[in-house]
Amino acid sequence: MSLVPGTVRPRRLRTTPALRRLVSEVRLHPAELILPMFVKEGLNEPVTLGGMPGVMQHTLESLLEAAREAVDAGVGGLMLFGIPEHKDEIGSQADAPDGILNRALGLLAEHLGEDTVVMADLCLDEFTSHGHCGVLDSAGGVDNDATLSRYAAMAVAQARAGAQVLGLSGMMDGQVAVCREALDEAGFSDTVIMGYTAKYASAFYGPFREAVDSELQGDRKTYQQDPANGREAMRELSLDLAEGADVVMVKPGLPYLDVLAEVARESLVPVWTYQVSGEYAMIEFAAAAGAIDRERAIEESLIAFKRAGADAILTYWATEVAQGLNGPKP
Ligand code: PBG
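Thresholds applied
- Residues numbered from 1 in each chain as written.
- Predicted model: local features only at pLDDT ≥ 70, side-chain atom pairs only at ≥ 80, totals over all residues.
- Heavy atoms only, no water.
- Disulfide = S-S within 2.5 Å.
- Buried < 20%, exposed > 50% of the residue type's maximum accessible area, 1.4 Å probe, protein only.
- Helix = DSSP H or I, 4+ residues; strand = E, 2+ residues; numbered from the N terminus.
- Expected span 1.5 Å × (residues − 1).
- Contact = heavy atoms within 4.5 Å.
- Patch = residues over 30% accessible without salt bridge, like charges linked within 9 Å, V, L, I, M, F, W, Y side chains within 5 Å.
- Areas by Shrake-Rupley, 256 points an atom, 1.4 Å probe, with all protein chains shown as cover.
- Salt bridge = Lys/Arg side-chain N within 4 Å of Asp/Glu carboxyl O.
- Polar contact = N/O pair within 3.5 Å; in protein donor to acceptor, adjacent residues only side chain to side chain.
- Axes fitted to C-alpha atoms, helices over the stretch in contact; angles between N-to-C directions.
- Parallel < 35°, antiparallel > 145°, perpendicular 65-115°, else oblique.
- Left-handed = near helix turned anticlockwise from the far one by under 90°.
- Nonpolar A, V, L, I, M, F, W, Y, C, P; charged D, E, K, R; others polar.
- Near = heavy atom within 4 Å.

1. Structural notes on the state of the cysteines
Thought 1: According to the stated counting rule, one finds 0 disulfides in the structure shown.
Thought 2: No disulfide involves Cys 123; its sulfur sits 3.4 Å from that of Cys 133, the nearest cysteine.
Thought 3: Judged by its relative accessible area of 1%, Cys 123 is buried.
Thought 4: For Cys 133, a relative accessible area of 1% gives the class buried.

2. Observations concerning helix α7 (residues 231-243)
Thought 1: Taking 1.5 Å of rise per residue, the 13 residues of α7 would be expected to cover 18 Å, and the 19 Å separating its terminal C-alpha atoms lies within 8% of that figure.
Thought 2: Every buried residue of α7 is listed here: Ala 233, Met 234, Glu 236, Leu 237, Asp 240 and Glu 243.
Thought 3: On its buried face, α7 sits against α5 (175-185), β7 (192-199), β8 (247-251) and α8 (257-266).
Thought 4: Just beyond α7, the residue with positive phi is Gly 244, at close to 105°.

3. Details of a nonpolar patch on the surface
Thought 1: A grouping of Leu 13, Leu 22 and Val 23 is seen on the molecular surface, where their side chains present a nonpolar patch of about 290 Å² in accessible area.
Thought 2: With respect to the helices and strands, the residue Val 23 is situated in the loop between α1 (17-22) and β1 (33-40).
Thought 3: Using a relative accessible area of 37% as the deciding quantity, one classes Val 23 as partly exposed.

4. A short note on the side chain of Lys 306
Thought 1: You can see Lys 306 is positioned in helix α10 (residues 294-308).
Thought 2: Only 2.7 Å separates the side chain of Lys 306 from the side chain of Glu 32, close enough to count as a polar contact.
Thought 3: Leaving out residues up to four positions away in the same chain, Lys 306 has contacts with Val 26, Arg 27, Leu 28, Glu 32 and Ile 313.

5. Remarks on the packing of helix α4 (residues 144-161) against α5
For any two helices packed against each other, one specifies the crossing angle of their axes together with the interaxial distance.
Thought 1: The contact between α4 and α5 brings their axes to 8 Å, and the two run at 45°. Considering the angle they form, α4 stands oblique to α5. As for how α4 packs across α5, the hand of that crossing is right-handed. Here Leu 148, Tyr 151, Ala 152, Ala 155, Val 156 and Ala 159 of α4 come into contact with α5, specifically with Gln 175, Val 178, Cys 179, Ala 182 and Leu 183.
Thought 2: Of the residues belonging to the contact of α4 with α5, the class tally is 10 nonpolar, 1 polar and no charged.

6. As for the site of the ligand
Thought 1: Around the ligand sit 18 residues in total, of which Asp 125, Arg 209, Lys 251, Ser 277 and Tyr 316 are the nearest.
Thought 2: Between the ligand and Asp 121, the relevant distance is 3.2 Å, taken from a nitrogen atom to a side-chain nitrogen or oxygen of the residue.
Thought 3: At a separation of 3.3 Å, a nitrogen atom of the ligand approaches a polar side-chain atom of Ser 169.
Thought 4: Relative to its free-state accessible area of 410 Å², the ligand is covered by the protein chains to the extent of 100%.
Thought 5: Here the residues of the shell around the ligand are counted per class, giving 8 nonpolar, 3 polar and 7 charged.

7. Some words on the pattern of salt bridges
Thought 1: Across all of its chains, the model carries 9 salt bridges by this definition.
Thought 2: Of the charged contacts in the structure, one is a salt bridge between Glu 284 and Arg 294, with a shortest N-O distance of 3.0 Å. Remark: Arg 294 occurs in helix α10 and Glu 284 occurs in helix α9 (residues 277-288); sequence separation between them is 10 residues. Neither Glu 284 nor Arg 294 differs from the other in exposure class; each is buried.
Thought 3: With its nearest N and O atoms 2.8 Å apart, the salt bridge here joins Arg 294 to Glu 320. On the criterion of sequence distance, the pair formed by Arg 294 in helix α10 and Glu 320 in helix α11 (residues 318-326) is long-range, its members being 26 residues apart.
Thought 4: A relative accessible area of 34% means that Glu 320 is categorised as partly exposed.
Thought 5: Salt bridges linked by common partners bring Glu 284, Arg 294, Glu 295 and Glu 320 together as one network.

Below, the structure is given as structure tokens:
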């Protein structure tokens, strides 16, 4: 095919803001943004996090207030993480009905359950004295199958507390099947399971460790995926789907857009992604240093997830971005 120079002009579709808006392949909507939130037991007032400017560890009161603000802005859901005062070897507070996470889930479900989707992180790392996502065996390794029974108990406790979606972030083999069975047996067949299908052992979780007062020494490389492996994510996907996951997830976000795109192509259920703490910190600190335009970098990073195929995005900017999307357009 010979092109006459000047007749084929892709720039033609870029000439005005209105035309660019019209031909935009993807766009953001508040309903597909999910706000991760932290609630900590024993706080008298919220604490700001050094590694995540603008993100707080909440008291129950400030949690409800911030959750209301998010819901008013139209965000699609709230993903809750809890930090107990007392941590132990098996993470007892994770499934205790009066544990901080379960109390907070109950509070949000009671006040906002009609207007938004209340979600719970289902993992032991915030609750264990050693900081691992599971219980340990006698050699100090993470015991997959012993952990599964803890997850099953957590699933039922969180559903009972009022969570509608459970985010299984521990990367134990068989976690979706075991939680599904426990939920169904306890009468919670409508509780949704979101599998953290492809969760990588990532340096980008750095600031999150401060957010949950993590006790972890070492790393999670025996259970989270190796950053080098993409094909393995597809194996995890087929397992999670076979075990009954209702939603699947790729995490972190930007460093794994290739994985997200492939999972989005193959998945029969909604695909979400998590713009994690380190991704948040990179943009906040680079913007604070004057190196990049904060708002544009935030928007561009979120649009990249949509282009790659994400149906919804967990982001610490959910409220702010949703408010911006609702506001007057330039
Ligand atoms: C584990 C969990 C982690 C994150 C979400 N769930 C930490 C980890 O796996 O080490 C990280 C989220 C973030 O960095 O924003 N419960």
